Protein chains: 2
Amino acid sequence: MKNKLYFKLKNKKVQEEAFIAIKKEQKTIGYYALPEQDISSILTYSETIPDTIENIAVIGIGGSSLGAKAIYEFIKPTKKLKRKLYFFESTDPLNITTLLSKLNLKKTHFLVISKSGTTIETFSIYKYIYSLQNNPKVYTFITDPGSPLEKYAQEIGATVLYLPKNVGGRFSVLSTVGLVPLALSGINIQALLDGANKLKKSFFGAGYMKDTLLKKAVFYARHHMQYNINCIFAYSETLKYFCEWYVQLWGESLGKRQHHSAFHVGLTPIGLIGPKDQHSFLQLIMEGTRNKSVTFIKIEDFQDEIVIPDISLPHLESLDSLNTLPFSKLINMQCESVIEALLEEDIPLDSITISQVNESNMGALMYYYELLTSLVGELIDINTYDQPGVETGKHILKKKLTSLSR
Amino acid sequence: MKNKLYFKLKNKKVQEEAFIAIKKEQKTIGYYALPEQDISSILTYSETIPDTIENIAVIGIGGSSLGAKAIYEFIKPTKKLKRKLYFFESTDPLNITTLLSKLNLKKTHFLVISKSGTTIETFSIYKYIYSLQNNPKVYTFITDPGSPLEKYAQEIGATVLYLPKNVGGRFSVLSTVGLVPLALSGINIQALLDGANKLKKSFFGAGYMKDTLLKKAVFYARHHMQYNINCIFAYSETLKYFCEWYVQLWGESLGKRQHHSAFHVGLTPIGLIGPKDQHSFLQLIMEGTRNKSVTFIKIEDFQDEIVIPDISLPHLESLDSLNTLPFSKLINMQCESVIEALLEEDIPLDSITISQVNESNMGALMYYYELLTSLVGELIDINTYDQPGVETGKHILKKKLTSLSR
């Protein structure tokens with residue numbers, strides 16, 4: 001994974017301070033250690049799911065689904081996988097009905113994932129599905145040790161797996177939360193962790209990624225009032241759900257009141273897919289308010305060498321310059337052209353290049369974004385790991401629910 | 001369709017000026033007249049496509065695909081449709097290969113949609129598909145009269161349909177561009193237009209929507225520096241692609257240099273889906289920088305009365321308050337709870353309620369957003385209908401393509 005920054009920064013002192021703070025955080029924040037974990041218990045568990053199971057359905061929302069979905073949708077077009085993954089992540093009745101119509105319940109294993117063990121959406125859906133299929137053997141529960149969900153699962157005799165300590169939902173993709181569904185689908189989770197670990201070592205071992213991530217984080221933090229929208233512009237449809245994962249990670253981590261002030265700060269994440277969004281959001285970046293930074297993500301080798309055929313269409317000869325070009329080359333030329341266009345407009349940008357679509361590269365990319373999020377959070381003086389703003393709505397809903405007279 | 005505004009505004013004079021300007025625009029801007037069009041030629045054309053065709057594949061990007069996709073994905077969960085729609089809208093080779101693997105070419109009709117007739121993405125993909133299937137009878141082309149594509153289509157003996165005059169890509173959903181694929185899939189396009197027309201009459205006939213839209217547009221325009229991110233928070237998965245359509249419409253229309261100044265202005269659109277994004281973006285709205293407005297969209301009646309069963313789970317009795325609740329009621333209570341939470345934080349918001357998932361409501365909703373876009377564009381002194389910012393990248397790509405020595 002390469003990351004080319006098109007903006008310059010010195011500020012060695014503030015960079016070094018942030019690095020020291022993040023090194024300290026490793027003692028209290030659980031996600032840092034995930035790349036080195038031993039996955040043998042997850043692999044052993046995976047073997048207990050019979051081959052007759054063709055579908056894995058995750059019942060979970062937010063941090064309990066976005067990570068696995070991002071990785072699954074990234075890898076799926078390039079690899080014949082063992083099982084299909086489905087995600088129940090909405091209380092929309094049409095969505096639940098449509099998803100269920102695709103599943104043969106006899107060939108489906110359900111993973112019910114809830115850190116707290118009491119997520120409203122997850123349990124509404126679980127109760128409904130349980131009324132259709134009440135065999136405890138087709139459910140596995142993933143939750144915090146000691147949660148009411150753990151006790152429930154034990155009581156009905158279903159398998160329970162645990163989240164590691166001090167790992168928040170949106171930083172949990174490389175824990176059981178993401179690894180269990182991915183392992184069951186046939187994705188190489190060791191390669192995923194190895195990719196993350198390589199990036200981790202490059203950062204903490206003062207390699208290439210230390211300098212790059214620190215420079216980028218300081219730039220975002222210093223300019224967070226001016227450039228307060230941070231776009232990812234990913235040139236591959238395979239990265240669509242990675243963008244959704246990024247939006248949660250960035251938005252929920254970095255939109256907060258400051259520790260030492262009454263001031264609300266926040267960096268707004270936007271996920272774009274090229275070349276499609278050249279025909280949508282690009283105009284706003286080029287000519288709209290100057291409040292956006294952009295990170296381009298390119299895939300060097302798509303391992304799918306379909307080529308634009310050497311056909312000249314009458315009256316459309318102006319398009320002959322496309323002939324014999326591999327699509328993978330075209331899409332990357334489109335990305336390069338937009339980078340050049342934005343540089344002419346002085347839009348702050350950088351580009352990330354990954355060699356190909358595989359688990360290792362996705363592990364590295366996700367760990368890169370987790371580190372960047374932690375660094376920026378540290379630099380803008382907020383608690384990166386809580387989400388107090390979502391509680392008010394939950395309390396109001398609870399009141400509404402209990403006051404329903406039925 | 002109801003629209004409740006939670007912010008107050010007087011400014012009768014500026015509202016009336018905008019209304020007069022928009023009334024004038026009807027003479028030059030084509031989309032305003034689309035709801036009243038005669039669709040008999042589209043229906044006659046639809047009858048020429050044989051029943052053996054099971055798939056309609058749209059080859060088009062941006063305004064040529066987003067509108068039809070939004071409506072198709074909205075209606076699909078509620079109605080048994082005649083044919084499936086597929087959208088080729090990326091030069092990503094993995095995406096092209098994956099989509100083609102789902103299509104039986106013998107049962108597929110292709111709609112090649114390009115206003116200019118020379119869109120790079122569309123013709124790269126078309127050339128590739130044409131090399132696999134070169135029967136001109138399975139292609140229909142939609143383009144501007146007089147474009148090189150029209151001549152090409154006539155030369156190979158394929159059907160050509162035309163875009164109406166002065167209708168830009170992102171405002172073209174209710175023209176042939178959107179109506180042809182939708183009619184072929186079995187969607188009731190007359191009901192779609194009727195819904196749009198009802199909204200149009202309410203606005204131009206000085207009904208309920210005139211007052212509402214003008215108030216909302218003036219609020220957005222007056223505060224476009226402070227609240228420069230405008231979120232849609234739609235409580236149904238069926239509205240996911242409507243959000244993508246909105247992002248293009250809003251972003252590409254309203255990100256511009258002002259007519260009478262050198263100043264860049266722009267309003268940033270964000271599409272969110274509830275309740276999922278309560279677990280993602282909501283924290284940023286509640287506690288982040290105060291630069292966002294939110295429009296909630298609710299569906300009153302999902303016509304799918306699945307209910308949370310009356311099951312009490314041991315150790316999880318706290319969730320019993322959910323029992324016997326229809327999911328449609330739960331999701332709307334979730335929406336209401338978040339509205340109340342945001343109102344406590346003084347976030348500017350409004351809510352749109354549509355009665356159910358059908359063509360008429362989607363026609364109204366889209367026309368509502370088109371009118372709102374035109375009004376805000378008028379009020380912030382920009383050209384709502386051009387997109388000069390996307391040209392630079394295109395020119396750079398063209399140069400790169402012609403300089404390739406192959």
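## Considerations on the interface of chain A and chain B
- Between chain A and chain B, the contact holds 96 residues from the first and 95 residues from the second.
- The greatest single-element share of the side of chain A that touches chain B, amounting to eleven residues, is contributed by helix H12 (residues 327-344) of chain A.
- Its residues assigned to classes, the side of chain A that touches chain B comprises 41 nonpolar, 37 polar and 18 charged.

## Here we look at helix H6 (residues 148-156) of chain A
All names here are of chain A.
- Among all positions in H6, only Leu149, Tyr152 and Ala153 are buried. Around the axis of H6, the buried residues are gathered within 95° of arc, so they sit on the same side.
- Looking at the buried residues of H6, the elements they touch are strand S5 (139-143) and strand S6 (159-162).
- A positive phi of about 80° marks glycine 157, the residue just after H6.

## Some remarks on the relation of the copies chain A and chain B
- Placing chain A over chain B gives an RMSD of 0.0 Å and needs a rotation angle of 180°, together with 0.0 Å of translation along the axis. On this basis, the relationship between the two copies can be described by a two-fold rotation axis. It is isoleucine 270 of chain A whose C-alpha, among those of chain A, lies nearest the rotation axis, at 3.9 Å.

## Details of the sheet that holds strand S3 (residues 84-88) of chain A
Residues and elements named next belong to chain A.
- What the five strands build is an open sheet, ordered S3-S2-S4-S5-S6; its pairing is parallel. Two strands close off the open sheet at either side, each with one partner strand: S3 and S6. Along the sheet, successive strands turn relative to each other by an average axial angle of 20°, direction set aside.
- The sheet contact formed by S5 and S6 spans four bridges and is parallel.

## Here's the deal with the sheet that holds strand S10 (residues 268-273) of chain A
Residues and elements named next belong to chain A.
- If you walk across this open sheet you meet the five strands as S1-S12-S11-S7-S10, and the pairing is mixed. The strands lining the two open edges of the sheet, one partner per strand, are strand S1 (2-5) and S10. Between one strand axis and the next, the sheet turns through 20° on average, direction left out of account.
- On the sheet, helix H9 (residues 208-222) packs against S1, strand S7 (229-234) and strand S12 (349-356) and is oriented at approximately 45° with respect to S1.
- Contacts from H12 reach strand S11 (292-301) and S12 within the one sheet, and its direction differs from that of S11 by about 155°.

## A few points about helix H4 (residues 93-101) of chain A
- Taken together, the buried positions of H4 of chain A are Pro93, Leu94, Asn95, Ile96 and Leu99 of chain A.
- Of the surrounding elements, those touching the buried residues of H4 of chain A are S3 and helix H5 (120-132) of chain A together with helix H12 (327-344) of chain B.

Criteria and cut-off values
- Here the residue numbering is sequential within each chain, running from 1 through the sequence in written order.
- Whichever chain is written first is A, and whichever ligand is written first is 1; the rest continue in order.
- For a predicted model such as this one, the threshold for reporting local features is a pLDDT of at least 70, and the threshold for listing and counting side-chain atom pairs is 80 or more; totals across whole chains, interfaces and linings nevertheless cover every residue.
- Two residues qualify as being in contact provided that their C-beta atoms, derived from the backbone, are within 7 Å of each other.
- Runs of E in the DSSP output that reach at least two residues are strands. Runs of H or I that reach at least four are helices, and both are numbered from the N terminus.
- Residues are grouped as follows: Ala, Val, Leu, Ile, Met, Phe, Trp, Tyr, Cys and Pro are nonpolar; Asp, Glu, Lys and Arg are charged; every other residue, Gly included, is polar.
- Labels follow a simple rule on C-beta atoms placed from the backbone: if 20 or more others lie within 10 Å of a residue's own, it is buried; if 12 or fewer, it is exposed; otherwise it is partly exposed.
- Each direction from the helix axis to a C-beta atom contributes to the arc, which is the arc of those directions.
- Superposition of the copies was done by least squares, using only C-alpha atoms of residues whose pLDDT is at least 70 in both.
- We call two strands paired when DSSP finds no fewer than two bridges between them.
- Axis definition: a line fitted to C-alpha atoms, over the contacting stretch in the case of helices. Angles run 0 to 180 degrees between N-to-C directions.

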